[in-house]
Amino acid sequence: MQPRAGGKACTIQQDWHNDVARRLRSTLFTQFSPTAVELARQWLLEHGFADREDRGLRNELLEMCEVLGREFPEYEQWMRDYQAEESERLRVLEESKDNPMRGLLWAFEQLTGKKTAHVIKDIEQKEAAQAVEAAVRQTARETRRNVGRNDPCPCGSGKKYKKCCLRK
């Protein structure tokens, strides 16, 4: 079965291809290949720095250029961006000595690309959902004691209790 254009399978396949391509470029760096500089530069110009892996590829590209003594038109700007990110990382690490949760949230923010407020909101929503699930499970356990096997299921499905929620 061929994946449809724009479908989930195509997205997964494209993500997989992007990951493989990124790793191949990174591997070329380990061979000190001058060709790798231009390949990685073109990739980053086309895809930007959407995620942590792309920023890592940019950092490897900058390090490779330092070793090879090469530069490209975007080199100075990308180096300034890298240095700013690195100084921010060191600042957060320093601040996190007294407040480890701050460092953890910052790291999570860097990994997910979400702002701290959104991360906290997501965590609160997941905790709320878990609390609701626990309450539903508790209610279901209490209901099991009051409903006979052949009675209609209290969940409203229209099935007999023994065929629906008895074993849940």
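Just so we're clear, the structure is a prediction, and the values are computed from it rather than from any experiment. (Residues numbered from 1 in each chain as written. Predicted model: local features only at pLDDT ≥ 70, side-chain atom pairs only at ≥ 80, totals over all residues. Heavy atoms only, no water.)

## Details of the packing of aromatic side chains
Part 1 of the argument: The tally for this structure, following the rule as stated, stands at two aromatic pairs.
Part 2 of the argument: Between F72 and W78, the aromatic rings sit 5.3 Å apart at their centres with planes inclined by 65°, giving edge-to-face as the arrangement. Both residues of the pair, F72 and W78, belong to the buried class.
Part 3 of the argument: An aromatic cluster is built from F72, Y75 and W78, whose rings are joined through pairwise contacts. (Phe/Tyr/Trp six-rings, centres within 6.5 Å; stacked < 30°, edge-to-face > 60°. Buried < 20%, exposed > 50% of the residue type's maximum accessible area, 1.4 Å probe, protein only.)

## Some thoughts on helix α2 (residues 34–47)
Part 1 of the argument: Over its 14 residues, α2 runs 21 Å from end to end, which matches the ideal 20 Å to within 8%, given 1.5 Å per residue.
Part 2 of the argument: For α2, every residue scored as buried is listed here: A36, V37, A40, R41, W43 and L44. Along the axis of α2, the buried positions cluster into a sector of 165°, meaning they face one direction only. Among the exposed residues of α2, those oriented more than 90 degrees off its buried face are T35 and E46.
Part 3 of the argument: Phi turns positive, to about 70°, at G48, one or two residues after α2. (Helix = DSSP H or I, 4+ residues; strand = E, 2+ residues; numbered from the N terminus. Expected span 1.5 Å × (residues − 1). Arc of directions from axis to C-beta.)

## Let's talk about the nonpolar core
Part 1 of the argument: Core analysis: the largest hydrophobic core is formed by 16 residues, its most contacted members being F29, L61 and F72.
Part 2 of the argument: Of all the secondary structure elements, the ones that give two or more residues to this core are α1 (8–30), α2, α3 (52–68) and α4 (75–95).
Part 3 of the argument: Residue contacts for L61: discarding those within four places in its chain leaves F29, V37, A40, R41, L44, F72 and W78.
Part 4 of the argument: Counting residues in each nonpolar core, the second largest holds five residues, with C153, Y161, C164 and C165 among its members. (Core = buried A, V, L, I, M, F, W, Y, C linked by side-chain atoms within 4.5 Å. Contact = heavy atoms within 4.5 Å.)

## Focus on the pattern of salt bridges
Part 1 of the argument: One pass over the full model with this rule turns up seven salt bridges.
Part 2 of the argument: Residue E86 is joined to R89 by a salt bridge in which the shortest nitrogen-to-oxygen separation is 2.5 Å. Separated by three residues within a single helix, E86 and R89 lie in helix α4, roughly one turn from each other.
Part 3 of the argument: Of the charged contacts, one joins R91 and E88 as a salt bridge, the two residues approaching to 2.7 Å between their closest N and O atoms. Taken together, the residues R91 and E88, both in helix α4 and three residues apart, mark about one turn of the helix.
Part 4 of the argument: For E88, a relative accessible area of 30% translates into the label partly exposed.
Part 5 of the argument: Salt bridges here are not isolated pairs; linked through shared partners, they connect E38, R41 and E74. (Salt bridge = Lys/Arg side-chain N within 4 Å of Asp/Glu carboxyl O.)

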